[in-house]
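# Survey of secondary and tertiary structure
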Amino acid sequence: MQTNTKDRLFRRFSAVTIIAVYLLIAVGGIVRSTGSGMGCPDWPKCFGSWVPPTDVTQLPNDYKDIYVQQRVEKNVRFANYLTSFGFDELAHEILNDPQISVEEDFNAAKTWTEYVNRLIGAVIGILIFGTAVLSIRYWKEDKLITVLSFVAFVLVGFQGWIGSIVVSTNLLEWMITIHMLLALVIVCLLIYVYHRSKNRNTEYSSARLGKLKWIVILCLVFTVIQIVLGTQVREAIDTLSNALARSEWIDNLGSSFLIHRSYSLLLLALHVYLLWKLMKEGIRRNELVNPTKWLLVVVVVEIVSGALMAYFGVPAFIQPIHLLLGSVIIGVQFYLWLLLRNKELKLA
């Protein structure tokens, strides 16, 4: 009975942690859509304090010069790391990008939006550490659960460092993309740990389900590509926002937006095909078909949210929803793939 109670505690705690990470992704989307990414010009503190200011009068007159200099020094160290790994061109880009040295005027709303984002991030770190600690009980039975739980915790620390580089480079586009993709890796690690703790004694599936697993993998890979394409569209919007009115953004995005929009129809077709194949195999509804139906609904809503942004001038409130839905799709696809590996799936 004691073991079962600990199993339930671990699964519930890890499930709450997964939900919390998705909440952080949504809040990150809000930070991005409101232009609050540089609300705090330093890291981990905000304007040199653990509690940020509420008015510009609380800052020194030369606060812009102070934080620009701090960022430049940090970027030099980061560029040296890149050079040591052979990324000379990226290092040169960072050291010679004039936008990195631009400091925004203080804006209390943006500062506190970013600060709340960081507070939630700190809570996520505590939750993932708690998951890692609770996973120690599995060390003798299944070491991989414990190892991956601690890997997720280490990655959260690395994610925090990446976040600091995002700030020091003044929201450099490719750094934001890495920051986002790493968040998805952490989510998938936590989902895997949750699933493995629930199915430790389950064998893996026969060849009959092999094709279905590959279809899910294809959906997963294509969705990651779509997310990367979406970040490129977002980067283009960031550039246009400095020169054009919001209503003119879509018309001036060019081929990146057209590819992103058309690609969504391919993703929709893939998910429809996946659902059809699952139903054809006769897998019980409560096993995989119903979750796949919900996945298809999320894909459709994601496409609709993209269409709303395209036709209504990229409303700020839809952007974080669009980002969150894309992240949810990745998580559900990965979980479906894990379920398909289980040999004990009941077939009709």
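The residue numbering used here restarts from 1 in each chain and proceeds along that chain's sequence as written. Reporting of local features is limited, given that this is a predicted model, to residues whose pLDDT is at least 70; pairs of side-chain atoms are given and counted only at 80 or more, and all residues count toward the totals for whole chains, interfaces and linings. Hydrogens are left out, water is left out, and the side-chain values use all remaining heavy atoms of the structure.

In this section: the overall build of the chain. Counting secondary structure elements, the chain contains ten helices and zero strands. Runs of E in the DSSP output that reach at least two residues are strands. Runs of H or I that reach at least four are helices, and both are numbered from the N terminus. The helix and strand sequence of the chain, counted from the amino end, reads α-α-α-α-α-α-α-α-α-α. We compute the radius of gyration from the C-alpha atoms alone; for a globule the expected value is 2.2 Å times N to the 0.38, where N is the number of residues. In summary, the chain has a C-alpha radius of gyration of 22 Å against a globular reference of 20 Å for 348 residues, a match within 12%. Structurally, the chain occupies a C-alpha span of about 70 × 50 × 40 Å along its principal axes. Once local pairs closer than 6 in sequence are excluded, the contacts in the chain between residues at least 24 apart make up 79%. The accessible surface values rely on the Shrake-Rupley method and a 1.4 Å probe; as for residues, cover is taken only from the protein chains in view. On the chain, roughly 17,900 Å² of surface is accessible, and the fraction owed to carbon and sulfur atoms is 66%. Positive charges are assigned to Lys and Arg, negative charges to Asp and Glu, while His and the chain termini are left out of the count. By convention, the point assigned to a charge is CZ for Arg, NZ for Lys, CD for Glu and CG for Asp. Averaging the coordinates of the 32 positive side-chain charges in the chain and doing the same for the 26 negative ones gives two points 18 Å apart. Contacts are assigned to residue pairs that have any heavy atoms within 4.5 Å of one another.

Our focus in this paragraph is the environment of C46. Counting through the fold element by element, C46 comes out in the loop between α1 (2-33) and α2 (63-84). Only protein chains enter the area calculation, which uses a 1.4 Å probe; residues under 20% of their type maximum are buried, those over 50% are exposed, and those in between are partly exposed. We classify C46 as buried; its relative accessible area is 1%. As for C46 and R118, which are separated by 72 residues in sequence, their C-alpha atoms are 9.5 Å apart. In this structure C46 touches G39, C40, P52, P53, T111, Y115 and R118, once residues within four positions along its chain are discounted.

Before going further, it helps to examine the state of the cysteines. The disulfide criterion used throughout: a pair of cysteine sulfur atoms within 2.5 Å. The tally for this structure, following the rule as stated, stands at one disulfide. Disulfide partner of C40: C46, at an S-S distance of 2.0 Å. Judged by the sign of its S-S torsion, about -85 degrees, the cystine formed by C40 and C46 is left-handed. Across this residue pair, the class does not change: C40 and C46 are buried. The cysteine C219 is free of any disulfide, with C188 supplying the nearest cysteine sulfur at 14 Å. Overall, the relative accessible area of 1% leaves C219 in the buried class.

Take the confidence of the model for the chain next. For every residue, the predictor assigns a confidence score, pLDDT, that lies between 0 and 100. Residues at a pLDDT of 70 or more form 92% of the chain, whose mean pLDDT is 85. Within the chain, the lowest mean pLDDT, 84, falls on helix α3 (residues 88-96), and the highest, 93, falls on helix α4 (residues 108-134).

Our focus in this paragraph is the packing of aromatic side chains. Each pair of aromatic rings taken from Phe, Tyr and Trp, with Trp reduced to its six-membered ring, is defined by centres within 6.5 Å and is described as stacked if the planes are under 30 degrees apart, edge-to-face if over 60, and tilted in the remaining cases. Enumeration over the complete set of coordinates arrives at twelve aromatic pairs. Consider the rings of F47 and Y67, whose centres lie 5.5 Å apart with planes at 90 degrees: the pair is edge-to-face. With F47 in the loop between α1 and α2 and Y67 in helix α2, this pair connects stretches of sequence that are 20 residues apart. Judged by centre distance (5.9 Å) and plane angle (35 degrees), the ring pair of F222 and Y263 falls under tilted. Pair noted here: F222 is in helix α7 (residues 210-241) and Y263 is in helix α8 (residues 255-281), with a separation of 41 residues, a long-range link. Residue Y263 is classed as buried on the basis of its relative accessible area, which comes to 15%. Every member of this aromatic cluster is reached through a ring pair, and the members are F47, Y63, Y67 and F106. Sitting over the ring of Y138, R137 keeps its end group 4.5 Å from the ring centre. Whether a charge sits over a ring comes down to the Lys NZ or Arg CZ being within 6 Å of the ring centre and within 35 degrees of the ring normal.

Salt bridges are defined by distance alone: a side-chain nitrogen of Lys or Arg within 4 Å of a carboxyl oxygen of Asp or Glu. Applying the stated criterion across every chain yields a total of five salt bridges. A salt bridge links R137 to D7; the shortest N-O distance between them is 2.8 Å. Of this pair, R137 sits in the loop between α4 and α5 (143-168) while D7 is found in helix α1, placing the two residues 130 residues apart along the sequence. Relative accessible area serves as the criterion here: at 21%, R137 is assigned to the partly exposed category. With a closest N to O distance of 2.2 Å, D105 and K64 form a salt bridge. One end of the pair, D105, is in the loop between α3 and α4; the other, K64, is in helix α2, with 41 residues separating them in the sequence. The class of D105 is exposed, set by a relative accessible area of 56%. Among the ionic contacts, a cluster of salt bridges with common partners joins D7, R137 and E141.

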